[in-house]
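# What the coordinates show
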Amino acid sequence: MTTEPPTSPEQENDDDTIRKMEGLIKTMEELEFAATDAMGDLVKLLDKLNDPSMESMNLALDHLLVQDSAAQDLQERTSESVEAGRSMVNASLELMEVLEETEGLEEKVKTLRRAVDGVVESLKLLPRQGHDSAMD
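Everything quoted here is computed from the prediction, not taken from an experiment.

Parameters at a glance
Residues numbered from 1 in each chain as written. Predicted model: local features only at pLDDT ≥ 70, side-chain atom pairs only at ≥ 80, totals over all residues. Heavy atoms only, no water. Helix = DSSP H or I, 4+ residues; strand = E, 2+ residues; numbered from the N terminus. Buried < 20%, exposed > 50% of the residue type's maximum accessible area, 1.4 Å probe, protein only. Areas by Shrake-Rupley, 256 points an atom, 1.4 Å probe, with all protein chains shown as cover. Patch = residues over 30% accessible without salt bridge, like charges linked within 9 Å, V, L, I, M, F, W, Y side chains within 5 Å. Salt bridge = Lys/Arg side-chain N within 4 Å of Asp/Glu carboxyl O. Lys, Arg positive; Asp, Glu negative; His and termini not counted. Charge placed at Lys NZ, Arg CZ, Asp CG, Glu CD. pLDDT = per-residue confidence, 0-100.

Helix and strand content of the protein: three helices and zero strands. Going from N to C terminus, the protein has its helices and strands arranged as α-α-α. Across the 136 residues that make up the protein, the buried fraction comes to 0%. When the accessible surface of the protein is totalled, it reaches about 13,200 Å², and 60% of it is carbon and sulfur.

Given below as C-alpha cells:
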C-alpha cells in the first residue's frame, strides 16, 4: 500500500477550493449549454409566432383598406343621392308653382266647354243654305 504524504491544512483548503471551483465551472458550462438550447427554442418559437402575427397584421391592413374604399364609395353615392334629392325637391317646388297657377283652371275649362257647346247647338239651328240650294 502506498501511503500519501501528509498534507497540511492549508494544502487541503487549496485542494478543496480547487474542487469547488472545478464543480462551479462544470455547473456554469452546463448552464451555458442549457441557456443556448433555451435560446434556440425561443428563437424557433418566436419564428413560429411571427408568421401568423405577420399574416394577421397583413389581413387586418387589407381589411382596413377595403373598409376605407367602401366608406369612400358610400360617401360618394350619398353625395350623389343628396344632390338628386335636392334636384327632385326643386323640380317639385316648380311643379307646385305651376299647379298653383292652374288652380281654378278646371272650372274655366268646363265653362268654356259649355259655351262652345252652346255655340255648336246654335249653329245646328241655323238653316243650311249651302246644302239646301246645292240639292235643288
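Further notes follow.
Moving on, we get to a nonpolar patch on the surface. Among the surface-exposed residues, M39, L42, V43, L45, L46 and L49 lie close enough to one another that they form a single nonpolar patch of about 560 Å² accessible area. Residue placement: L45 occurs in helix α1 (residues 9-101). By relative accessible area, which is 45% here, L45 ends up partly exposed.

Below, the discussion takes up a negative patch on the surface. A cluster of like negative charges, contributed by E94, E97, E100, E101 and E103, occupies part of the molecular surface. Looking at the secondary structure, you find E97 in helix α1.

Using the criterion set out here, one finds eight salt bridges in the structure. The salt bridge involving R114 is made with E107; its shortest N-O contact spans 3.9 Å. As a salt-bridge pair, D117 and R113 come within 3.4 Å of each other at their nearest N and O atoms. Taken together, the residues span about one helical turn, with D117 and R113 both in helix α2 (residues 105-125) at a distance of four residues. Residue class for R113 comes out exposed when judged on its relative accessible area of 52%.

Across the protein, the average pLDDT comes to 85, with 90% of residues at 70 or higher. When pLDDT is averaged over each helix and strand of the protein, the minimum, 55, is found for helix α3 (residues 129-135) and the maximum, 90, for α2.

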